[in-house]
Amino acid sequence: MNLLAGKTALVTGAARGIGKALALKFAAEGANVAFTDLVIDENGKQTEEEIAALGVKAKGYASNAADFAQTEEVVKKIKEDFGSIDILVNNAGITKDGLMMRMSEAQWDAVIAVNLKSAFNFIHAVLPIMMRQRNGSIINMASVVGVHGNAGQANYAASKAGLIALAKSIAQEVGSRGIRANAIAPGFIETAMTAALPEEVRADWCKKIPLRRGGQVEDIANVALFLASDMSSYVTGQVIQVDGGMNM
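Here the structure is a predicted model, which means the values were calculated and not measured.

Undergrad: Tell me about the overall build of the chain, and please be specific about residues and values.
TA: Helix and strand content of the chain: 9 helices and 7 strands. Taken over C-alpha atoms, the radius of gyration comes to 17 Å for the chain, in line with the 18 Å a tight globule of 248 residues would show. Each principal axis of the C-alpha atoms in the chain carries an extent, and together these give about 50 × 40 × 40 Å. Expressed as a percentage of the 248 residues in the chain, the buried residues total 50%. For the chain, the share of sequence-separated contacts (at least 6 apart) that also reach a separation of at least 24 residues comes to 74%.

Below you can see the structure in the form of structure tokens.
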């Protein structure tokens, strides 16, 4: 049984990485998928082809998620192309790490704009559509860093904590319209970025995780599927930590 048959999912920052994994998981469960990224390059085109190969409608859109006007336009175009938007995943994100005393204003502003303001932009644009449908699921991709902080990542942690609070606030505002909002807080996930870390750093991370291993993008995608589908029809305003027990 396809859990998302007939639904349209919009995933931001999904040309690669965790966003791509989510888009493919949704498509495998029957959802048509629109996704955005700053540019739709060869990676984006390949992602579009991989999604479409699963028998659903797929299209990638080049858009700066941090730009309010661009977001309004791209959401309008997606609604025209797909007819509805039932699921929104705010996944777009960047890092610009540094200790607070050395962090520049530009580093702070860039991370807050891409990670947090982009979620405001997309929720603001999508909510009228979901309210008319009287149904929808909004998922903010946060981080365990947004729960417990992390030295050298004040900007990133603040943006992810903001995504959690944003989901809880939206859940309270629009729950009566049948719209749910939740957050996922991944821990140490095996990606191309973490694979580039020195082996001793990776080993140290795993020692702190009760399950003694990093997570897979599939672990995140499975939780996202749960939150996107009717399996979680009575779940809203929650943050689910997918971290192997790292942050209890």
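Further notes follow.
Undergrad: Can you explain helix H2 (residues 42-52)? Please cite residues and give values.
TA: For H2, every residue scored as buried is listed here: Gly44, Thr47, Glu48 and Ile51. Along H2, the residues classed as buried sweep out an arc of 100° about the axis, all on the same side. Exposed and oriented more than 90 degrees from the buried face of H2 are Glu42 and Glu49. Packing partners of the buried residues in H2 comprise helix H1 (17-28), strand S2 (32-37) and strand S3 (58-62). Where H2 begins, one side-chain oxygen reaches toward the backbone nitrogen of Asn43, 3.0 Å away; that side chain belongs to Asp41.

Undergrad: I'd like a rundown of the sheet that holds strand S6 (residues 179-186), residues and numbers included.
TA: Sheets are built from strands that pair by backbone hydrogen bonding, the pairs being arranged parallel or antiparallel. The sheet built from 7 strands is open, its strands ordered S3-S2-S1-S4-S5-S6-S7 with parallel pairing. In the strand order of this sheet, the two ends are held by S3 and strand S7 (239-242), each with one partner. With direction set aside, neighbouring strand axes in the sheet form an average angle of 15°. Judged from the 3 bridges that link them, strand S1 (residues 8-12) and strand S4 (residues 87-90) form a sheet pairing that is parallel. Paired with Ala9 across the bridge in S4 is Ile87. Helix H3 (residues 68-82) contacts S1, S2 and S3 of the sheet and is inclined by roughly 160° relative to S3. Running over the sheet, helix H4 (residues 105-133) touches S1, S2, S4, strand S5 (136-141) and S6 and is turned about 175° from S4.

Undergrad: Account for the pattern of salt bridges, naming residues and giving values.
TA: Inspection of the entire model under this criterion finds 10 salt bridges. Among the charged side chains, a network of salt bridges with common partners joins Arg16, Asp37 and Asp41.

Undergrad: Residues and numbers for the side chain of Thr12, please.
TA: Inspection of the secondary structure puts Thr12 in strand S1. Setting aside its immediate chain neighbours within four residues, Thr12 contacts Thr36, Val89, Asn90, Asn91, Ala92 and Phe122.

Undergrad: I'd like to hear about the packing of aromatic side chains, residue by residue, with values.
TA: A complete count under the given rule lists 2 aromatic pairs for this structure. Pairing Phe188 with Trp205 gives two aromatic rings, centres 5.1 Å apart and planes at 20°, and the pair type is stacked. Taken as a pair, Phe188 in the loop between S6 and helix H7 (192-195) and Trp205 in helix H8 (residues 199-207) lie far apart in primary sequence, 17 residues in all. For Phe188, a relative accessible area of 6% gives the class buried. The ring of Phe82 carries Lys57 above its face, with NZ or CZ at 4.8 Å from the centroid.

Undergrad: Report on the pairing of S4, specifying residues and quantitative values.
TA: Here S4 shows two buried faces, one formed by Ile87 and Val89 and the other by Leu88 and Asn90. Summarising the sheet, S4 and S5 pair through 4 bridges and their orientation is parallel. Across the sheet, the residue bridging to Val89 is Ile139, located in S5. This β-α-β element, S4 to H4 to S5, shows right-handed connectivity.

Undergrad: Give me the lowdown on the packing of H1 against helix H9 (residues 217-228), citing residues and values where you can.
TA: Two elements in contact, H1 and H9, have axes separated by 9 Å at closest approach and are oriented at 50°. As judged from the angle between their axes, H1 and H9 are oblique. Seen from above, H1 lies across H9 with right-handed handedness. On the side of H1, the interface is formed by Ile18, Ala21, Leu22, Lys25 and Phe26, while H9 contributes Val217, Glu218, Ile220, Ala221, Asn222, Ala224, Leu225 and Ala228. Looking at the contact of H1 with H9 residue by residue, the classes come out as 10 nonpolar, 1 polar and 2 charged.

Thresholds, definitions, all that
- Residues numbered from 1 in each chain as written.
- Predicted model: local features only at pLDDT ≥ 70, side-chain atom pairs only at ≥ 80, totals over all residues.
- Heavy atoms only, no water.
- Helix = DSSP H or I, 4+ residues; strand = E, 2+ residues; numbered from the N terminus.
- Rg over C-alpha atoms; globule rule 2.2 N^0.38 Å.
- Buried < 20%, exposed > 50% of the residue type's maximum accessible area, 1.4 Å probe, protein only.
- Contact = heavy atoms within 4.5 Å.
- Arc of directions from axis to C-beta.
- Polar contact = N/O pair within 3.5 Å; in protein donor to acceptor, adjacent residues only side chain to side chain.
- Pairing = 2+ DSSP bridges.
- Axes fitted to C-alpha atoms, helices over the stretch in contact; angles between N-to-C directions.
- Salt bridge = Lys/Arg side-chain N within 4 Å of Asp/Glu carboxyl O.
- Phe/Tyr/Trp six-rings, centres within 6.5 Å; stacked < 30°, edge-to-face > 60°.
- Lys NZ or Arg CZ within 6 Å of the ring centre and 35° of its normal.
- Right-handed = clockwise from strand over helix to strand, strands pointing away.
- Parallel < 35°, antiparallel > 145°, perpendicular 65-115°, else oblique.
- Left-handed = near helix turned anticlockwise from the far one by under 90°.
- Nonpolar A, V, L, I, M, F, W, Y, C, P; charged D, E, K, R; others polar.

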